[in-house]
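In case you want the letters, here they are:
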Amino acid sequence: DSGVTQTPKHLITATGQRVTLRCSPRSGDLSVYWYQQSLDQGLQFLIQYYNGEERAKGNILERFSAQQFPDLHSELNLSSLELGDSALYFCASSATGSPPNYGYTFGSGTRLTVV
Amino acid sequence: DQQVKQNSPSLSVQEGRISILNCDYTNSMFDYFLWYKKYPAEGPTFLISISSIKDKNEDGRFTVFLNKSAKHLSLHIVPSQPGDSAVYFCAAENQAGTALIFGKGTTLSVSS
């Protein structure tokens, strides 16, 4: 157990729907990062939050949004879902606003299937 | 455009031999690199890292080499073991120091 908790583990939904993925960072970590792993794309950085504030944005679509709450858990909201959004979504956390020398700690991911 | 590239999707090696995984990057301003390992149904886990002020970092059976002039790094696993079979991701810290940029990964299969 890495200490980063992601729920749900699996999600199947229809095109056009909206889903929310949840992440609880490792105890004491203030930063949360969201990544998407599609079949042929590797890990694509979506967005980072640090202590409740958005800190960095990557290749995140406008249909996607995220937030980090006062208890530091984070949610990634995906709306108007398309078949191409099917992927593994990973959350990672770190203590500070920058990746530490040992990198982030990843959760085990949420597998989203859009049908 | 991929800033971190792992051009070999897969690599097969026999147990006890050396595994060499390669990674190229395009941005000469990157100065910190990491390797992650990922097993099925698990998240990636940190393996080893290297700063651009070094050309080699070793941790047990794992050694990472960095060639800044060629913008190339490699991960050597010696000797390879069946338990090393996994997907290996190369990553670089972005210029802003806010996130890691990952390659697409190389699937290593070590046969006994």
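Up top you'll find the structure we're talking about.
From a predicted model like this one, the values you see are computed outputs, not experimental measurements.

Draft legend 1. Region of the structure containing the overall build of chain B. The helix and strand inventory of chain B stands at 0 helices and 11 strands. When the elements of chain B are put in sequence order from the N terminus, they spell out β-β-β-β-β-β-β-β-β-β-β. Radius of gyration (C-alpha) of chain B: 13 Å, near the 13 Å computed for a compact globule of 112 residues. When the backbone C-alpha atoms are referred to their principal axes, chain B occupies close to 40 × 30 × 20 Å. Here chain B holds 112 residues, and 46% of them are scored as buried. Look at the contacts in chain B between residues 6 or more apart in sequence, and 53% of them connect residues 24 or more apart. Of the accessible surface of chain B, which amounts to about 5,300 Å², a share of 47% is contributed by carbon and sulfur atoms. When the 10 positive and 10 negative side-chain charges of chain B are each reduced to one mean point, those points stand 4 Å apart.

Draft legend 2. Up close: the pattern of salt bridges. Residues and elements named next belong to chain A. In total, this model carries 5 salt bridges over all chains according to the counting rule given. Across the pair Arg63 and Glu82 runs a salt bridge, and its minimum N-O distance is 3.7 Å. Of this pair, Arg63 sits in the loop between strand S6 (53-57) and strand S7 (64-68) while Glu82 sits in the loop between strand S8 (74-78) and strand S9 (87-94); the two residues are 19 residues apart in sequence, bridging distant segments of the chain. The class for Glu82 is partly exposed, based on a relative accessible area of 44%. Across the pair Arg63 and Asp85 runs a salt bridge, and its minimum N-O distance is 2.8 Å. Note that Arg63 is positioned in the loop between S6 and S7 and Asp85 in the loop between S8 and S9, a separation of 22 residues in sequence. Via salt bridges that share partners, Arg63, Glu82 and Asp85 belong to a single interconnected network.

Draft legend 3. Spotlight on the state of the cysteines. All names here are of chain A. This structure, assessed with the given rule, holds 2 disulfides over all chains. Two residues, Cys23 and Cys91, share a disulfide whose sulfurs are 1.8 Å apart. Taking the torsion about the S-S bond as the criterion, the Cys23 to Cys91 disulfide, at about -55 degrees, is left-handed. Within this pair, whereas Cys23 is found in strand S3 (residues 19-24), its partner Cys91 is found in strand S9, the two being separated by 68 residues in sequence. The exposure classification of Cys23 matches that of Cys91, with both residues buried.

Draft legend 4. Structural detail: a nonpolar patch on the surface. A cluster of nonpolar side chains, Ile18, Ile20 and Val78 of chain B, forms an exposed patch at the surface whose accessible area comes to about 230 Å². Within the secondary structure, Ile20 of chain B is located in strand S3 (residues 19-25).

Draft legend 5. Local environment of the interface of chain A and chain B. Contacts between the two partners involve 23 residues from chain A and, on the opposite side, 20 residues from chain B. Counting the surface lost from both chain A and chain B, the interface buries some 1,500 Å², and carbon and sulfur atoms represent 58% of this. Of all elements in the fold, only strand S4 (31-38), strand S5 (42-50) and S6 of chain A reach the threshold of two or more residues within the side of chain A that touches chain B. Per element, the largest residue contribution to the side of chain A that touches chain B is 5 residues, and it comes from S5 of chain A.

Draft legend 6. Quick peek at the packing of aromatic side chains. Considering all chains together, one arrives at 15 aromatic pairs over all chains under this definition. Note on Phe106 of chain A and Tyr36 of chain B: the rings are 5.6 Å apart at their centroids and 90 degrees apart in plane angle, and the pair reads as edge-to-face. Taken as a pair, Phe106 of chain A in strand S10 (residues 105-106) and Tyr36 of chain B in strand S4 (residues 32-38) lie in two separate chains rather than in one. Taken together through their ring pairs, the aromatic side chains of Tyr33, Tyr35, Phe45, Phe90, Tyr104 and Phe106 of chain A together with Tyr36, Phe46, Phe89 and Phe102 of chain B make up a single cluster. Taking the ring centre of Tyr50 of chain A as reference, the NZ or CZ of Arg55 of chain A above it sits at 5.7 Å.

So, how was this worked out
Residues numbered from 1 in each chain as written. Chains lettered and ligands numbered in written order. Predicted model: local features only at pLDDT ≥ 70, side-chain atom pairs only at ≥ 80, totals over all residues. Heavy atoms only, no water. Helix = DSSP H or I, 4+ residues; strand = E, 2+ residues; numbered from the N terminus. Rg over C-alpha atoms; globule rule 2.2 N^0.38 Å. Buried < 20%, exposed > 50% of the residue type's maximum accessible area, 1.4 Å probe, protein only. Contact = heavy atoms within 4.5 Å. Areas by Shrake-Rupley, 256 points an atom, 1.4 Å probe, with all protein chains shown as cover. Lys, Arg positive; Asp, Glu negative; His and termini not counted. Charge placed at Lys NZ, Arg CZ, Asp CG, Glu CD. Salt bridge = Lys/Arg side-chain N within 4 Å of Asp/Glu carboxyl O. Disulfide = S-S within 2.5 Å. Patch = residues over 30% accessible without salt bridge, like charges linked within 9 Å, V, L, I, M, F, W, Y side chains within 5 Å. Buried area = accessible area lost by both parts, 1.4 Å probe. Phe/Tyr/Trp six-rings, centres within 6.5 Å; stacked < 30°, edge-to-face > 60°. Lys NZ or Arg CZ within 6 Å of the ring centre and 35° of its normal.

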